[in-house]
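Architecture and fold: a report
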Amino acid sequence: MLTESVSNICYFTLAGFTHSAFALGYEAGINKCTIDGNMVPPASLITFVQKGLQYLEMEANLSNSDADVEEDFSFLQPLDLITKDVRELRQMIKERKKGLQKERDKREKEKEKEKEKEKEKEREKDKETEKEHERERARIREKDRKEREKEVEKDRERNEKVRDREKQLEDNAERGAIPDQEEKTVVKQEENGISGGAEPMEIAVPSTSQTCEISSSDVMILEGHASEVCACAWSPTGSLLASGSGDSTARIWTVAEGTARTSMQNGPANVLVLKHVKGRTNEKSKDVTTLDWNGEGTLLATGSYDGQARIWSTTGELKSTLSKHKGPIFSLKWNKKGDFLLTGSCDKTAIVWDVKAEEWRQQFEFHTGPILDVDWRNNVSFATSSTDNMIYVCKVGETRPIKTFAGHQGEVNCVKWDPAGQLLASCSDDISAKVVCTVFFIYSSIYNMKQEKYVYDLREHTKEIYTLRWSPTGPGTNNPNQQLVLASASFDSTVKLWDVEVGKLISTLCGHRDPVYSVAFSPNGEYLASGSLDRCINVWSLKDGNIVKKYTGNGGIFEVCWNKEGDKIAACSANNTVCVLDFRM
């Protein structure tokens, strides 16, 4: 508008209408205009009108093309319209468009470079993470290799001792000597630093002749795995037994009711093979490391070295594959309700999976080392332990741990809630077991830990404690009138029983010669089964701490478990087999 006013003033001035030119300039605020009047050529008004007509023609032409008309006008200034013709204006627009496009292209290239840099950083981060996982896997494989070498060496030594003993017996027989076979059970009292009550017993092993050795007719050997079997679990509702192996398979065995002798007469047990890799088996990245049945016994979850959790039906159908972890899964557990599955991985995270939706619900990234164990307290809260010496208590929906425990000085191998969910026990490579008292109060659907502290620091073992279990006794169990007991199994070849009410050692069970990897209480809480690398399964009476049953297999025992009736014990071993023992007293 100012440009037009300037042109009109120039026209009036040239025509001799000086007063009119002044009045127009005053009303239009020409003195505020940024255009230098000296630059406006004579007859600008006529030129302006012509330009307007020409611009209408140019606008019409531009509107028939793909160009952006509004954008084209934005390239022009009022002075350009007065001083340049259409051809020059079009050329100006074209050049300015090119400049703008170059600037845009430059910015896009810079953005692409930034994106590529970010992707490269992510790739480097992933590579470093994978290298860390590979180092951890290599460490674990090396540890397993050394344990197996120890087992092989001990087997060789035992065989040599057996041959020497047989030779000695032959020599004695030739000389007419009868060796004294009788060995005595030694029970000694030892002080534990806590006054009051009975003193703990250390129970030495009676000889095999004095122990009720389980005969081979009472044992069913399940063969089929092509590598060591590291996990086994009975279905909580039926006669199905699951096993997981380093051959990249899990198996579901149907163990018939009745004795092993009857079952063997009816032929080999029915088995379903759950393959975790297509084609060949024995692929180490697919090792089945852990497994667990849901509470109804309708679904089996398996965890693998490939970082995937899989859910299977009792007919062997793969129901879902849960993929998010970036490292091996070492532990997994169903909650009691069966709607969530919890997994702990070498990638330092724990994930809660929504089983029905077949997707992850929440990932917990608090640990700085691989997670070794997880355990639910109830349907929404759980504990995790790690190689970083830490224990976290977490809750679904919370972004931070609701409690943190930092008492251990070594890798925390195992965490377990007691049946009532009031006590949390943990064990570590620092040769200690700890019990945390956790009292929860419910208010407005929010769980608040009113108080928490280490109740007991149990330091009686002399080597790493590998695992621990609570007895199915006390409040909230099927055996409410029996004492609650905690059992710990150690690489010092012993099992220890603890009275958690007073933090006192009840007894030390010295029935094994090599590291004890697993313990399990019978459903009625009266017996304890233990499995060791010495190839032996011992069943102990909790009344007096004596071995009531014993079985010696052909490979180191990694895990033992009872069926729901309490009349069968399953054990998986390093010689690629699963054995099922009949237990009758």
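The chain is annotated in an unreviewed UniProt entry as F-box-like/WD repeat-containing protein TBL1XR1 of Linum tenue.

Ranked by size, the top nonpolar core spans 18 residues in total, and within it Leu222, Trp234, Leu241, Val255 and Val580 carry the most contacts. Those elements giving two or more residues to this core turn out to be strand S3 (219-222), strand S4 (229-234), strand S32 (557-562), strand S33 (568-573) and strand S34 (578-582). For this core, the leading source of residues is S4, giving three residues. Not counting residues up to four positions away in its chain, the partners in contact with Leu241 are Leu222, Ala233, Trp234, Arg251, Ile252, Trp253, Val255, Cys561, Ala570, Val578 and Val580. If you look at the next biggest cluster of nonpolar residues, it comprises 17 residues, including Val548, Trp562, Cys579 and Phe583.

What follows is about the sheet that holds S34. Spatial ordering of the open sheet is given by S3-S34-S33-S32, a layout of four strands whose pairing is antiparallel. Every interior strand has two partners, whereas the edge strands, S3 and S32, have only one. In this sheet, neighbouring strand axes are inclined to one another by 20° on average, regardless of whether the strands run parallel or antiparallel. With five bridges joining them, S32 and S33 adopt antiparallel strand pairing. Paired with Trp562 across the strands is Ile569, a residue of S33.

Within the open sheet, the four strands sit side by side as S28-S29-S30-S31. Their pairing is antiparallel. The open sheet terminates on both sides in strands that have one partner only, identified here as strand S28 (516-521) and strand S31 (547-552). The mean angle between the axes of side-by-side strands here comes to 15°, regardless of whether they run parallel or antiparallel.

Right, let's talk about the pattern of salt bridges for a bit. A full pass over the atoms with the stated rule returns 12 salt bridges. Put simply, Lys337 and Asp339 hold a salt bridge, and the shortest N to O gap is 4.0 Å. Overall, Asp339 belongs to the partly exposed group, its relative accessible area being 26%. A salt bridge links Lys416 to Asp373; its shortest N-O distance comes to 3.1 Å.

Here the focus is a positive patch on the surface. On the surface, Lys109, Lys113, Lys117 and Lys121 cluster together to form a positively charged patch. Among the structural elements, Lys109 can be located in helix H6 (residues 86-175).

Moving on, we come to the state of the cysteines. Inspection of every chain in the model, using the stated rule, returns zero disulfides. We note that Cys427 lacks a disulfide partner, and the nearest cysteine sulfur, in Cys414, lies 4.7 Å from it. Cys427 gets classed as buried once you look at its relative accessible area, which sits at 0%. Cys579 takes part in no disulfide bond, and the closest cysteine sulfur, belonging to Cys232, lies 8.4 Å away.

Look at any regular strand and the pattern is simple: side chains alternate between the two faces of the sheet. For S32, a buried count of five out of six residues is recorded, marking the element as mostly surrounded by other parts of the structure. Between S32 and S33, which pair antiparallel one after the other, the connecting turn spans five residues, and Gly566 there sits at a positive phi close to 80°.

A few words now on the packing of aromatic side chains. Within the structure shown, the criterion is met by 12 aromatic pairs. Where Phe364 meets Phe382, the ring centres are 5.1 Å apart and the plane angle is 85°; that geometry is what we call edge-to-face. Linking Phe364 in strand S15 (residues 359-364) with Phe382 in strand S17 (residues 381-386), this pair joins segments that are 18 residues apart in sequence. The same class applies to Phe364 and to Phe382, which are both buried. Taken together, a centroid distance of 5.4 Å and an interplanar angle of 70° make the contact between Trp376 and Phe382 edge-to-face. Taking relative accessible area as the criterion, Phe382 reaches 0% and is therefore assigned buried.

What counts and how
Residues numbered from 1 in each chain as written. Predicted model: local features only at pLDDT ≥ 70, side-chain atom pairs only at ≥ 80, totals over all residues. Heavy atoms only, no water. Core = buried A, V, L, I, M, F, W, Y, C linked by side-chain atoms within 4.5 Å. Buried < 20%, exposed > 50% of the residue type's maximum accessible area, 1.4 Å probe, protein only. Helix = DSSP H or I, 4+ residues; strand = E, 2+ residues; numbered from the N terminus. Contact = heavy atoms within 4.5 Å. Pairing = 2+ DSSP bridges. Axes fitted to C-alpha atoms, helices over the stretch in contact; angles between N-to-C directions. Salt bridge = Lys/Arg side-chain N within 4 Å of Asp/Glu carboxyl O. Patch = residues over 30% accessible without salt bridge, like charges linked within 9 Å, V, L, I, M, F, W, Y side chains within 5 Å. Areas by Shrake-Rupley, 256 points an atom, 1.4 Å probe, with all protein chains shown as cover. Lys, Arg positive; Asp, Glu negative; His and termini not counted. Charge placed at Lys NZ, Arg CZ, Asp CG, Glu CD. Disulfide = S-S within 2.5 Å. Phe/Tyr/Trp six-rings, centres within 6.5 Å; stacked < 30°, edge-to-face > 60°.

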